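# What the coordinates show
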Amino acid sequence: MIKNQLHGDIFEIVMVNPPVNALAYPVRQGLLQAIIDAQTDDAVKAIVIRGDGQLFCAGADITEFDAPVVEPDLHVVVDAIEASAKPVVAAIHGSALGGGLEIALGCHYRIATPDAKLGLPEVLIGILPGAGGTQRLPRLIGVEAALDMIVSGSPIAARRAAEIGLVDRLASNEGSLGEEAIAFTRTLDAPRRAGDLSVEADPAVFEKVAADNARKIKGLDAPSACIEAVKASTTMSLADGQAKERALFAGLVSGEQAKALRHIFFAERSAAKIDGLPKDIALRPIAKVGILGAGTMGGGISMNFLSAGIPVTIVEMQQEALDRGVRLVRKNYEATAAKGRLTTDQVKNALGLLTPTLDFDTLADCDLIIEAAYENMEIKKEIFARLDAVAKPGAILASNTSYLSIDEIASATKRPQDVLGLHFFSPANVMKLLEVVRGAKTAPDVLATSMQLARKIGKVPVVSGVCYGFIGNRMLIPRQKNAEALLLEGATPEQIDRVHTSFGMPMGPFQMADLAGVDIGWHRDTDRIESLQDALCAEGRWGQKTKAGFYDYDDKRKPTPSAAVAKIIDDFRARKGVTKRETSDEEIVVRTLYTMVNEGALILEEGIAQRASDVDVVWAYGYGWPRHRSGPMFWAGQVGLTKIVADLGRYAAQIGSNFAVSALLKRCAEQRVPLDRAP
Ligand code: 3HC
């Protein structure tokens, strides 16, 4: 866990805990002992601390947070490092995150490779830096820069860290870091402690940070605790400030929000793993990607690959549509560059990798082809039959369908083993989720290649089996059905949307319908009015695009409740013979959120999702489920499965005649086991 080595008069302490040198008990204990030993060893003039493998250190071992602390606590270790009478230098490569950076802050000097990342991401898992980070960082780099890092959780590059005084020296490269660190350390005569510095700030700074981040931090406990702790660094001694920090840390770490955020951290990582697939499976090389369809979706999908340096051929049927698609891709890149997130060279390079064409046969040299055409089975089957004739042997053939059966699409080819679904979410260049849909005949290496590629292009992949709507959209169905039924029974779009937004969703079911288009799936060739959707569409209320949907919209797309919609609902209610009644917020929760949990449990029961936490990842990364509630399945556990089953039973008659509570959900409730350990 700790490797010590003497290089002449410099004592090197190496943290060894693969894969990320997390500060589990043996590492903490080893570090503390090594620092103590070095104090009394006359052969030692100064000390270097570094990390083995890919990085310096990713911080505390997050898996330990559910159990009582085993001494020595990390802050004790950091204090001992800082108290060292001999100079201590942190030699940083890869990443120094959380407790890892706190160790480096306890060191007297820091040397880092230019591309190393330094950050305090604790806030992202619902806590704050608990080993002195909120006290030493502001003392070292000032309150504003420290708040920036601690409240956002975003790491900064070592070059920037050197500019603001967090890093004292940049090493030439990773290979020479060890030697350069030792040489640098040899030049140092005395310790220099961040804890000895003092820092001041105008109290208005703290209010400003809270106000500037108000939208992002709404409903979250950790960010305001971060601000409070940093404030303490300006008014208290190091020891008192640290005591305050620890008290705030203790309050957060055992709370519901931190538990939920830890859960989603590990859920995201386990979603990338496919049960039953050999670890060393050979992957198919993907050097070139073809995209069929240059619409909003096709264009967005292609940007993911272009940005990762993978050439893309994009195919359309009409020149005009192709030009429009390429223009949109260019516009999106230029907008990103204008925000300073890409350089002009990066934009030029990405666009240079794009080949727009009307010639379907150019797809012949692509290793992966993604179809992003209309959501229509006949069209998709035709395309896949054509692809079968053109694509090279071994090419992966993917459909971006959101609902349709991958097995049926695959049946249009003679190579169903090479076919799978890659369901991107809109806007495809932004949304992190990728549902990787495994057909009955999809080959294991096709699946494994797609999962790895997804991570390469910065997506969070989740495997889904074949069913209507896969994991995410399938769970929208009971939500939407019940939301519309509730309108007939007496609720308003505003009430239902408010219940969802105060829960933490970015928008409610009707705001979402208006954004996506109320007319999706509407049969405009008939004038039969069978649903509220038909009634709205028949009056041209197709959503934001016609400035009228479930809400009225002004020119800036600002919604207001609509009297016309209230009348449409009243008329439809009368035609259906439904009696208007009071509907409580609680009923809305049961019928639109608990029914989603139930659908998630059915998805699990049918083996469509590999694990309950995969369902959470889909909702957290694809639909904006509030991260501090993890995802619907984890949230269900916090609410209590027994309560959910009982409430669903109570409302069963209203939920729908063919509604059934999932057997798996009932079993978990009865046996009091969480959904991710379903019997
Ligand atoms: N504790 C425990 N396990 C961790 C961990 C941590 N801090 N960080 C990563 N891991 C595990 C992951 O779960 C994963 O396990 P698996 O292989 O079994 O799935 C493995 O290490 C590799 O992680 P990634 O897949 O994320 O590897 P990447 O190379 O993509 O990313 C990373 C590396 C950027 C370091 C990323 O893992 C990361 O961001 N880690 C978390 C950093 C963090 O939040 N640190 C703060 C911890 S809290 C703290 O320090 C409190 C202190 O103030 C007292």
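Quantities reported herein were computed from a predicted structural model and do not represent experimental measurements. (Residues numbered from 1 in each chain as written. Predicted model: local features only at pLDDT ≥ 70, side-chain atom pairs only at ≥ 80, totals over all residues. Heavy atoms only, no water.)

What follows concerns the packing of aromatic side chains. What the rule picks out here adds up to 13 aromatic pairs. A centroid spacing of 4.9 Å and a plane angle of 35° characterise the contact between Tyr403 and Tyr468, whose relative ring orientation is tilted. In this pair, Tyr403 is assigned in the loop between strand E14 (396-399) and helix H17 (406-410) and Tyr468 in the loop between strand E17 (460-464) and helix H19 (472-489), connecting sequence segments 65 residues apart. Residue classification places Tyr468 among the exposed positions, given a relative accessible area of 54%. Ring centres of Phe510 and Phe550 lie 4.6 Å apart, and the angle between their planes is 50°; this geometry places the pair in the tilted category. Placement of the pair is Phe510 in helix H21 (residues 509-516) and Phe550 in the loop between helix H22 (532-538) and strand E18 (551-553), with a sequence separation of 40 residues. The pair Phe510 / Phe550 is uniform in exposure class, with both members buried. (Phe/Tyr/Trp six-rings, centres within 6.5 Å; stacked < 30°, edge-to-face > 60°. Helix = DSSP H or I, 4+ residues; strand = E, 2+ residues; numbered from the N terminus. Buried < 20%, exposed > 50% of the residue type's maximum accessible area, 1.4 Å probe, protein only.)

The subject of this paragraph is the nonpolar core. Ile49, Phe56 and Leu166 are the most contacted members of the largest nonpolar core, which has 69 residues in total. Discounting chain neighbours no more than four positions away, the residues touching Leu166 are Leu105, Arg110, Leu118, Leu137, Leu140, Ile141, Met149, Ile156 and Ala161. Of all hydrophobic cores here, the second largest spans 48 residues; its members include Val617, Tyr623, Met633 and Leu648. (Core = buried A, V, L, I, M, F, W, Y, C linked by side-chain atoms within 4.5 Å. Contact = heavy atoms within 4.5 Å.)

Right, let's talk about the sheet that holds strand E7 (residues 117-119) for a bit. Pairing within the open sheet is mixed, and its three strands lie in the order E5-E7-E8. At either margin of the open sheet sits one strand with a lone partner, and together these are strand E5 (95-97) and strand E8 (156-157). One ladder, built from three bridges, connects E5 with E7; its direction is parallel. Across the sheet, Ala96 pairs through a bridge with Leu118, a residue of E7. (Pairing = 2+ DSSP bridges.)

With that settled, consider helix H18 (residues 444-456). Here H18 spans 19 Å end to end across 13 residues, near enough to the 18 Å set by a 1.5 Å rise per residue. Where H18 ends, the next residue or the one after it, Gly458, has phi of about 80°, a positive value. (Expected span 1.5 Å × (residues − 1).)

This part takes up the sheet that holds strand E12 (residues 354-357). The mixed open sheet is built from eight strands, whose spatial order is E12-E11-E10-E13-E14-E15-E16-E17. Across the chains shown, the open sheet's two edge strands, defined by having one partner strand only, are E12 and E17. In this sheet, adjacent strand axes meet at a mean angle of 25° when their direction is disregarded. Pairing between strand E13 (residues 368-371) and E14: four bridges, direction parallel. (Axes fitted to C-alpha atoms, helices over the stretch in contact; angles between N-to-C directions.)

This part is about the site of the ligand. The ligand sits among 24 residues. The nearest are Gly99, Glu102, Glu122, Arg269 and Lys273. Between the ligand and the protein, one listed contact pairs an oxygen atom with a backbone N or O atom of Gly99 at 2.8 Å. Protein chains shield 71% of the accessible area of the ligand, which is 990 Å² for the free molecule. Only helix H3 (99-106) and helix H12 (256-271) provide two or more residues apiece to the shell around the ligand. Looking at the shell around the ligand element by element, the count peaks at three residues for H12. Tallied by class, residues from the shell around the ligand come to 14 nonpolar, four polar and six charged. (Near = heavy atom within 4 Å. Polar contact = N/O pair within 3.5 Å; in protein donor to acceptor, adjacent residues only side chain to side chain. Areas by Shrake-Rupley, 256 points an atom, 1.4 Å probe, with all protein chains shown as cover. Nonpolar A, V, L, I, M, F, W, Y, C, P; charged D, E, K, R; others polar.)

Two numbers describe how H19 lies on H21: the axes approach to 10 Å, and their chain directions differ by 110°. Viewed along their axes, H19 and H21 adopt a mutual orientation that is roughly perpendicular. Taking contact as the criterion, the partners of Leu476, Arg479, Gln480, Ala483, Glu484 and Leu487 in H19 are, on H21, Pro509, Phe510, Met512 and Ala513. Tallied by class, the residues present in the contact of H19 with H21 amount to seven nonpolar, one polar and two charged. (Parallel < 35°, antiparallel > 145°, perpendicular 65-115°, else oblique.)

With that settled, consider the UniProt feature "domain: 3-hydroxyacyl-CoA dehydrogenase NAD binding" (unreviewed entry) in the chain. Within this numbering scheme, the UniProt entry marks residues 288-464 as carrying the feature "domain: 3-hydroxyacyl-CoA dehydrogenase NAD binding" (unreviewed entry). With 41% helix and 20% strand, residues 288-464 has end C-alpha atoms that lie 25 Å from one another. (UniProt positions renumbered as here; feature names shortened; annotations may be inferred.)

On to the UniProt feature "domain: 3-hydroxyacyl-CoA dehydrogenase C-terminal" (unreviewed entry) in the chain. Feature annotation in UniProt places "domain: 3-hydroxyacyl-CoA dehydrogenase C-terminal" (unreviewed entry) on residues 469-553, given in this structure's numbering. Across residues 469-553, the secondary structure splits into 52% helix and 4% strand, with the terminal C-alpha atoms separated by 29 Å.

Bringing the pairing of E13 into the picture now. Consecutive residues of a regular strand have side chains that alternate between opposite faces of the sheet. Alternating residues of E13 divide into Leu368 and Ile370 and Ile369 and Glu371, and every residue in both groups is buried. Bridge count between strand E10 (residues 289-292) and E13: four bridges; the pairing is parallel. Across the sheet, Leu292 pairs through a bridge with Glu371, a residue of E13. Of the crossover connections in this fold, the one passing from E13 over helix H16 (residues 377-390) to the parallel E14 is right-handed. (Right-handed = clockwise from strand over helix to strand, strands pointing away.)

Right, let's talk about the domain arrangement of the chain for a bit. You can read the domains of the chain as domain 1 (2-248), domain 2 (289-468) and domain 3 (491-576). The gap between the C-alpha centroids of domain 1 and domain 2 is 42 Å. (Domains from an automatic or database assignment.)

Under the definition given, this model contains zero disulfides. Cysteine Cys668 remains unbridged, with the sulfur of Cys467 as its closest cysteine sulfur at 19 Å. Looking at Cys668, the relative accessible area reads 1%, which means it is buried. (Disulfide = S-S within 2.5 Å.)

Close contact between helix H24 (residues 585-605) and helix H27 (residues 641-650) brings their axes to 10 Å; oriented N to C, the two are set at 115°. One element, H24, and the other, H27, form an angle in the roughly perpendicular class. Both H24 and H27 take part in a crossing whose hand is left-handed. From H24, Glu586, Val590, Tyr594, Thr595, Val597 and Asn598 reach across to H27, where they touch Lys643, Ile644, Asp647, Leu648 and Arg650. Class assignment for the residues of the contact of H24 with H27 results in five nonpolar, two polar and four charged. (Left-handed = near helix turned anticlockwise from the far one by under 90°.)

A word on H16. Since the α-helix packs 3.6 residues into each turn, any two residues three or four apart lie on the same face. Taking 1.5 Å of rise per residue, 14 residues should cover 20 Å, and H16 covers 20 Å from first to last C-alpha, within 8% of that figure. Among all positions in H16, only Met377, Lys380, Ile383, Phe384, Leu387, Asp388 and Val390 are buried. The buried residues of H16 occupy one face: seen down the axis, they fall within an arc of 165°. Across from the buried face of H16, at angles greater than 90 degrees, the exposed residues are Glu378, Glu382 and Ala389. Each element contacted by the buried residues of H16 is listed here: E10, E13, E14, H17 and strand E15 (419-424). Where H16 begins, the capping side chain belongs to Asn376, and its oxygen is found 2.8 Å from the backbone nitrogen of Glu378. (Arc of directions from axis to C-beta.)

Right, let's get into the pattern of salt bridges. Under the defined criterion, the tally for this structure stands at 40 salt bridges. Of the charged contacts in the structure, one is a salt bridge between Arg284 and Asp445, with a shortest N-O distance of 3.0 Å. On the criterion of sequence distance, the pair formed by Arg284 in the loop between H12 and E10 and Asp445 in helix H18 is long-range, its members being 161 residues apart. Lys545 is the partner of Asp519 in a salt bridge, and the nearest nitrogen-oxygen pair spans 2.8 Å. Linking Asp519 in the loop between H21 and H22 with Lys545 in the loop between H22 and E18, this pair joins segments that are 26 residues apart in sequence. Connected through salt bridges with shared partners, the residues Glu489, Arg581, Glu587 and Arg591 form a single ionic network. (Salt bridge = Lys/Arg side-chain N within 4 Å of Asp/Glu carboxyl O.)

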